[in-house]
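# Observations on the three-dimensional arrangement
Here is what each chain is made of, one letter per residue.
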Number of protein chains: 2
Amino acid sequence: MELSERKLKILKSIIDEYIDRGEPVGSKHLMEYGNISLSPATIRNEMSDLENMGYLDKPHASAGRVPSGNAYRLYVEELMQEYKTSSEQLDLLSELTRFKTEEKDKIVEKARKIMSKMTNYASITVSENLPGAVISRFETMIIDSESMLLVMIMPDGRVNTKHLSTGTALDANDAQIIKNALNAHLSGRSLDDVSLSDIMSIEEEFGDMKALVNPILRIAYEAAVGSERRSVEVDGITNLLSYPEFKNVEKVKDLLGLFEQNGDTIKDFLPVESDESGLKVYIGDEENSKLSDTSIVFCSLPVGNRNTIFGILGPKRMDYKKATNALKRLSQTLQSLAKDEDAPRAIAENSGFSDEKDGKTD
Amino acid sequence: MELSERKLKILKSIIDEYIDRGEPVGSKHLMEYGNISLSPATIRNEMSDLENMGYLDKPHASAGRVPSGNAYRLYVEELMQEYKTSSEQLDLLSELTRFKTEEKDKIVEKARKIMSKMTNYASITVSENLPGAVISRFETMIIDSESMLLVMIMPDGRVNTKHLSTGTALDANDAQIIKNALNAHLSGRSLDDVSLSDIMSIEEEFGDMKALVNPILRIAYEAAVGSERRSVEVDGITNLLSYPEFKNVEKVKDLLGLFEQNGDTIKDFLPVESDESGLKVYIGDEENSKLSDTSIVFCSLPVGNRNTIFGILGPKRMDYKKATNALKRLSQTLQSLAKDEDAPRAIAENSGFSDEKDGKTD
DNA sequence: TTTTAGCACTCTTTTCAGTTGAGTGCTAAA
DNA sequence: TTTAGCACTCAACTGAAAAGAGTGCTAAAA
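Residues numbered from 1 in each chain as written. Chains lettered and ligands numbered in written order. Predicted model: local features only at pLDDT ≥ 70, side-chain atom pairs only at ≥ 80, totals over all residues. Heavy atoms only, no water.

Okay, the overall build of chain A next. Broken down by element type, chain A carries 14 helices and 10 strands. Out of the 362 residues belonging to chain A, those deemed buried represent 53%. A total accessible area of about 16000 Å² is found for chain A, and carbon and sulfur atoms account for 45% of it. (Helix = DSSP H or I, 4+ residues; strand = E, 2+ residues; numbered from the N terminus. Buried < 20%, exposed > 50% of the residue type's maximum accessible area, 1.4 Å probe, protein only. Areas by Shrake-Rupley, 256 points an atom, 1.4 Å probe, with all protein chains shown as cover.)

Below, the structure written as structure tokens:
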């Protein structure tokens, strides 16, 4: 059977209505509120066809229809309209721009919070070291007689600092020696192929300073590649609690449970090649009970020396146009921040994106 | 009426049972499982007395009894037994010790996560600048041609770093000038009395460098006292979702809502003088509907140049002995970390605390 | 005087049978 | 091809009845 113009219109109306109200959509309701000028009976016939074609489901015989996974997929890819970015949302994005000059490390965190605020859904970020990231050099700075600051610098100017206490006296000379040793062995190396044993082999160069140098090297290793190889963070769970889909606490628990581990589970649902930057949409899938009623709009971007997946997480009937728009805007903002490092105050909303939608809708 | 030995025993049994099962405790149940060798009728008489004395409540006529706020208070202060720290809990604490040499800034975060894991409740930390905290000095480090690292050092050795991009060329000389200006005006000053206009007045010293120096000064201000004047963080909300008290999503929302603002609301419930270090217990209070079914065990400790409230947050019928024990251990561990800065590997469980319970129970 | 058995009473929770109402599918007429 | 009409389905609601857990009181037992 063909998906006629009329069928598409009806399907889109059903999805819009369902996203809006969260309750199965009936033929009569669609006629009244869905802007379809056909009798309920005709609509019913079309709905029945759409059900047979796999685009609609029926919770039970006397309920209305609910969009299927396929329907959402079609909706996201072809049916949905543009979303007009609101001025509140633009304000949020410009907060991110303002962040530029501050600590780069916090950009991901800030972006995550902005995603939640822009959409009223939850947000997730998954950061991992970029496969090819290279260490540019190390610097040290004496803080006091027993501690120093170790700074690892990446070619893109991103820095990683660790403040470490040695427990033994430390002078500028020691710091210099350590810095030189680290630079001699590690600068130019890729983060991926620095191993702990690698680092420990540096220790051998130090005769009577071994005891001093050992903990420092361990921490240098941490700074370079260590515990934060992958970090998964979630924000805005509160937002989800407002949706009836999550009124059952078990669902929320299941969902949160997915993020508590090292992120392997959630990465399975966010399939991205490290070099592609487009938006993707994961649509809740019955086969994975824990995410069966959850959708995730996500994309992947390099931020500093790490690759980060940004995701917006909502019920399956989430407002996809709002979510995809928000993420697209965010990603543009982040990219322009990364690119125009020398144009300090480029604000997202008027910097001529190649996004043809803006002209029409803003 | 007197609180006889027998009444106390019955009251304690009721509280223990209620904490354990979460359901009103009846006279017959208490006889069978509460280790009371009296007939239900006798127990009923005592319960009736305890109700009149304000220690027990009745949800309705044909339900069992539930402890009142007064009862929990008495329980926490006099009735409850010692809790034996488990080996898993000790392991968690030792993770904190291992953190010592790493970034001090992350100790609070780590401690918060440990509180959740030790108790299976939620945890909260509220950090604020210590009233008297003083800036020791500033340092700068050139990262690349357009960015530098600004480091603020406190007398206790704690550091605060900001990586800032200027958007204009920057050399070691500029960095030196900025550093000197900041040190001349701000070192020795208390964080409290540094104001933005204060900082901006420094700008006047710079003639043609004004434009360069302005954003840097703003960020220096941020680094010193800015946005992080108070930070409120919560962890382990998932844990709470397992308790029937929080099966109603509205309750969870209410609770989370308390932390989303700047923390003023939650600070009202955590009354601590900045210089006292003992444990306190907030016991859910009917008058504050949002916290009516929530208790918080908390204490306040200086960590670096900030004062931090550590709290364990659970249902009103939380396992107070477990929670108070966990927090006590944690606070001891943190204090010993702060004190024995020069004894690198002091592990909590065998370093001779002045806590008489350890001998008996571990 | 204290403890306990017995029993009527209270109030929530569960169960079950109607009843309602939204929505469907099918048929036949427009 | 569209639509009106109608029988049918099924979740959701309603209200009454039954069950169950626990109490308070009284009077007997210890």
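With that settled, the discussion passes to the domain arrangement of chain A. Assigned domains within chain A: domain 1 (5-79), domain 2 (87-129 + 229-345) and domain 3 (137-225). Computed over C-alpha atoms only, the centres of domain 1 of chain A and domain 3 of chain A are separated by 62 Å. (Domains from an automatic or database assignment.)

Looking now at helix α6 (residues 107-119) of chain A. Residues and elements named next belong to chain A. Its 13 residues give α6 an end-to-end C-alpha distance of 18 Å, which sits within 8% of 18 Å, the value for a rise of 1.5 Å per residue. I107, V108, A111, R112, I114, M115, S116, M118 and T119 are the residues of α6 that are buried. Looking one or two residues past α6, N120 carries a phi angle of roughly 65 degrees, positive in sign. (Expected span 1.5 Å × (residues − 1).)

A few words on the nonpolar core. By size, the foremost hydrophobic cluster in this structure holds 147 residues, and its most contacted members are F310, Y320 and L330 of chain A together with I266, F310, Y320 and L330 of chain B. Excluding anything up to four places from it in sequence, L330 of chain A contacts L93, L96, A111, I114, M115 and F310 of chain A. (Core = buried A, V, L, I, M, F, W, Y, C linked by side-chain atoms within 4.5 Å. Contact = heavy atoms within 4.5 Å.)

Residue and element names in this part refer to chain A. Averaged over all residues, the pLDDT of chain A is 83; the fraction at 70 or higher stands at 86%. Per-element confidence in chain A is highest for strand β2 (residues 66-67), whose mean pLDDT is 98, and lowest for helix α14 (residues 357-361), whose mean pLDDT is 32. Overall, residues 341-362 carries pLDDT values under 50, and its contacts beyond four positions in sequence, including any with other chains, amount to 28 contacts. (pLDDT = per-residue confidence, 0-100.)

Attention shifts here to the protein's contact with DNA strand C. Close to DNA strand C lie 20 residues; S27 and R65 of chain A together with R6, T42 and S62 of chain B are nearest. Of all DNA strand C atoms lying within 4 Å of any protein atom, the proportion belonging to sugar or phosphate reaches 74%. Note that a phosphate oxygen of DNA strand C is positioned 3.0 Å from one of the side-chain N or O atoms of R65 of chain A. The separation between a phosphate oxygen of DNA strand C and a polar main-chain atom of S39 of chain B is 3.1 Å. Elements represented by at least two residues in the surface near DNA strand C include exactly α3 (40-52) of chain A together with α3 (40-52) of chain B. In terms of residues, the surface near DNA strand C owes the most to one element, α3 of chain B, which gives four residues. (Near = heavy atom within 4 Å. Polar contact = N/O pair within 3.5 Å; in protein donor to acceptor, adjacent residues only side chain to side chain.)

Time to look at the relation of the copies chain A and chain B. For these two chain copies, the linking operation is a rotation about an axis paired with a shift along it. The two copies are related by a screw motion: chain A maps onto chain B through a turn of 179 degrees and a shift of 0.1 Å along the axis, at an RMSD of 0.2 Å. The relationship between the two copies is best expressed as a two-fold rotation axis. In terms of C-alpha distance to the rotation axis, chain A has V249 of chain A as its closest residue, with the C-alpha 3.3 Å off the axis. (Least-squares fit on C-alpha atoms with pLDDT ≥ 70 in both.)

With that out of the way, let us pick up the interface of chain A and chain B. Counting residues at the interface gives 38 residues for chain A, matched by 38 residues for chain B. The tally of links between chain A and chain B comes to zero salt bridges. Here chain A and chain B share six residue pairs in polar contact (both at pLDDT 80 or more) between them. Looking at the side of chain A that touches chain B, the elements that each hand over two or more residues are β4 (137-144), β5 (147-153), β6 (159-165), α9 (210-224), α10 (237-241) and α11 (249-260) of chain A. The element that contributes the greatest number of residues to the side of chain A that touches chain B is β4 of chain A, accounting for seven residues. A breakdown of the residues in the side of chain A that touches chain B according to their chemical character gives 14 nonpolar, nine polar and 15 charged. (Salt bridge = Lys/Arg side-chain N within 4 Å of Asp/Glu carboxyl O. Nonpolar A, V, L, I, M, F, W, Y, C, P; charged D, E, K, R; others polar.)

Residues and elements named next belong to chain A. A sheet is described by the order of its strands in space; here three strands give the open sequence β4-β5-β6, paired in antiparallel fashion. Two strands in the sheet have a free side with no partner beyond their single neighbour: β4 and β6. When strand polarity is set aside, the average angle formed by the axes of neighbouring strands in this sheet is 20 degrees. When β4 meets β5, the two strands line up antiparallel, connected through seven bridges. When the sheet's bridge partners are listed, M141 is paired in β5 with L149. The strands touched by helix α7 (residues 172-186) are β4 and β5; relative to β4, the strand with the most contacts, the crossing angle is about 160 degrees. (Pairing = 2+ DSSP bridges. Axes fitted to C-alpha atoms, helices over the stretch in contact; angles between N-to-C directions.)

Moving on, we get to the environment of A41 of chain B. You can see A41 of chain B is positioned in helix α3. Remark: the alpha-carbon pair of A41 of chain B and K28 of chain B, spanning 13 residues in sequence, is separated by 8.5 Å.

A few words now on the protein's contact with DNA strand D. By nearness alone, 20 residues border DNA strand D, and R6, T42 and S62 of chain A together with S27 and R65 of chain B come closest of all. Side-chain polar atom of R44 of chain A to a base oxygen of DNA strand D: 3.5 Å apart, as the coordinates give it. Sorting the residues of the surface near DNA strand D by element identifies α3 of chain A together with α3 of chain B as the ones contributing at least two each. By residue class, the composition of the surface near DNA strand D is six nonpolar, nine polar and five charged.

Moving on: the sheet that holds strand β9 (residues 294-303) of chain B. All names here are of chain B. On the basis of which strands lie adjacent, the open sheet formed by five strands has the order β7-β3-β10-β9-β8 and antiparallel pairing. The outermost strands of the open sheet, each flanked by one partner alone, are β7 (230-235) and β8 (280-282). Ignoring strand direction, the axes of neighbouring strands in this sheet form an average angle of 20 degrees. Relative to strand β10 (residues 306-315), β9 runs antiparallel, the two being bridged by 10 bridges. Looking across to β10, one finds that V303 is bridged to R306.

We now examine the pattern of salt bridges. Residues and elements named next belong to chain A. Counting across every chain of the model gives 34 salt bridges over all chains. Its salt-bridge partner being E245, residue R317 comes within 2.5 Å of it at the nearest N-O pair. Of the two residues, R317 is situated in the loop between β10 (306-315) and α13 (320-339) and E245 in the loop between α10 and α11; the sequence distance between them amounts to 72 residues. You'll find R317 and E245 in the same group, each marked buried. Linked through salt bridges whose partners overlap, the residues forming this network are R6, K7, E46 and D49.

Residue and element names in this part refer to chain B. Taking 1.5 Å per residue as the helical rise, helix α7 (residues 172-186) with its 15 residues ought to reach 21 Å, and the 21 Å between its terminal C-alpha atoms agrees with that figure. For α7, the side-chain oxygen to backbone nitrogen distance between the N-cap and N173 is 3.0 Å, and the N-cap itself is D171. Of the residues flanking the end of α7, it is G188, one or two places downstream, whose phi is positive at about 90 degrees.

A separate point is unusual backbone geometry. Phi is positive for N35 of chain A, close to 65 degrees, though the residue is something other than glycine. Following the sequence through the fold, N35 of chain A ends up in the loop between α2 (27-33) and α3. One non-glycine residue, N120 of chain B, lies in positive phi territory at about 65 degrees. Considering the arrangement of structural elements, one finds N120 of chain B in the loop between α6 (107-119) and β3 (122-129).

This brings us to the environment of V134 of chain A. Residues and elements named next belong to chain A. For V134, the position within the fold is in the loop between β3 (122-129) and β4. With 131 residues separating them along the chain, V134 and L3 place their C-alpha atoms 52 Å apart. Contacts of V134, omitting those with residues within four sequence positions, involve M154, P155, G188, R189 and S190.

Residues and elements named next belong to chain A. The buried fraction of β3 amounts to seven of the eight residues, a majority that puts the element mostly inside the structure. By the bridge criterion, eight bridges tie β3 to β10 in an arrangement that is antiparallel. Counterpart to S123 in the pairing with β10 is I312.

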